[in-house]
Amino acid sequence: MTETLPPLKALRAFEEAFARRSYTAAAKALNVQQPAVSYQIKRLEEDLGTALFTKERGRLEPTAAANELFDTLSQSFDAIRRTSDRLRQTASASPVTIATYPGIGAYWLSSRLPELSGALGVPARVVTLVKDADLLREDADCRIIFGKGDWPGQDARLLFREQVCAVAAPAQAERVRRAPQGEFPADLPVIEQEDPEHRWIGWDDWLRQTESGLALPAGRTAVNDHGLALHMALSGAGIALAWLGVVEDLLAGGSLVRLSEDTAVSEAGYWLTGRPGFFETRRGRTILKVLTGPQPGSGRT
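Residues numbered from 1 in each chain as written. Predicted model: local features only at pLDDT ≥ 70, side-chain atom pairs only at ≥ 80, totals over all residues. Heavy atoms only, no water.

Draft legend 1. Focus on the packing of aromatic side chains. Across all of its chains, the model carries 16 aromatic pairs by this definition. Between the aromatic rings of F14 and F53, the centroid separation amounts to 5.7 Å while the plane-to-plane angle is 40°, which identifies the pairing as tilted. Of this pair, F14 sits in helix 1 (residues 8–20) while F53 sits in strand 1 (residues 53–56), placing them 39 residues apart in sequence. No difference in accessibility class separates F14 from F53, as the two residues are buried. With 6.0 Å between their ring centres and 75° between their planes, Y101 and W200 make a pair best called edge-to-face. Of this pair, Y101 sits in the loop between strand 3 (96–100) and helix 5 (102–109) while W200 sits in the loop between strand 7 (191–193) and helix 9 (203–210), and the two are 99 residues apart along the sequence. Take Y101 and W200: they sit in the same class, and that class is buried. Chaining the aromatic ring pairs together yields one cluster made of Y101, W108, F146, F160, W200, W243 and Y270. (Phe/Tyr/Trp six-rings, centres within 6.5 Å; stacked < 30°, edge-to-face > 60°. Helix = DSSP H or I, 4+ residues; strand = E, 2+ residues; numbered from the N terminus. Buried < 20%, exposed > 50% of the residue type's maximum accessible area, 1.4 Å probe, protein only.)

Structure (C-alpha cells):
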C-alpha cells in the first residue's frame, strides 16, 4: 500500500472533470488543453488502480469510486480554500514595518505615513535604530538606509542623494547674518554628528567642498544621530548640517533657515531596500510610489 498522495494536478483535473462532466470544460476552467486533463485523469486512475469515469453518449459519468473520491476531495479542497483565504486576509491586514534612522523617521517619513497607510490599506509601522547593522538585522518589510545602494541580499531604490547644507533656527540664523564678515557668534554652538567611519559629510568636508566663507569656531557639540542634531538646531541650540531631502519641508515652512546657498554633495544617499523581488509585490510597489512621490500638501510635483 502506497503512503503517497496522488498528484495535486491530477486531483484538480479530476475535481473539475467530475463537476463539469467534460474533459473539455474542465480544461477550459483550468486554462489548459483538453489532452492535459485527459492525461491527468489517466495518471490518477493508474495511481488508484480503478476507473473513475465512463462515457455515455459523449458525456462523462463518474463511477462509484469517483463519487467516493469526489466527496472526500471536495471537503478537503473546501477546507484548504477556507484556510488559505483566512491566511491571505490575515497577511494582507498585517502592518507594514519600515526600519530607519530616528532622524529620517521623525523629520521625513512621519509626514508620509498617513498617505502610505491609506494606499496600503493597513497601518504603517516605523522602527528606528541608529546603527546600520541593527537596521539590516531588523525583521522589517523594508528599510531606509544610508549608503551607495550595494547591500548584499537586498534590492535598493534611491530616495534622494546626500546633499548637505548648513541650517539654524530663524533667530540663530539672523545672528549669523548680522555678525561681522568672516566672524561667527562665539556663543553659538556648532553641532557635529559623530562619524568615526567618515561616512557622512561633516563640517570640515562641507567647508572644504563648498569653499564657504563661514568661519566656524573649533569647538563643536557632538551628537551620535542626525535627528538629534536637527532637533537641537530647531530648538535654537546651535547650527547643524542637514540633508536637503530630509529638511525640505522644514525649510519651506520657515522652521529652519539655510545659512548660505552652499551645498556639499556625495555619491551616497538614502535608499529604500527590501528583499529580492519585494518591489515587484503590491506592497513594495505601493511603498516605493508613495515614498518617491511628492509629499501631500507640499505643493511639489
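Draft legend 2. Region of the structure containing the environment of F278. With respect to the element layout, F278 can be found in the loop between strand 11 (264–274) and helix 12 (282–292). Separated by 123 residues in the primary sequence, F278 and D155 place their C-alpha atoms 7.6 Å from one another. Setting aside chain neighbours within four positions, we find F278 in contact with D141, C142, R283, G284 and I287. (Contact = heavy atoms within 4.5 Å.)

Draft legend 3. Highlighting the side chain of S260. As for its position among the elements, S260 is in the loop between strand 10 (257–258) and strand 11. Side chain to side chain, S260 and D262 meet in a polar contact 3.2 Å long. In contact with S260, not counting residues within four places along its chain, are A166 and W206. (Polar contact = N/O pair within 3.5 Å; in protein donor to acceptor, adjacent residues only side chain to side chain.)

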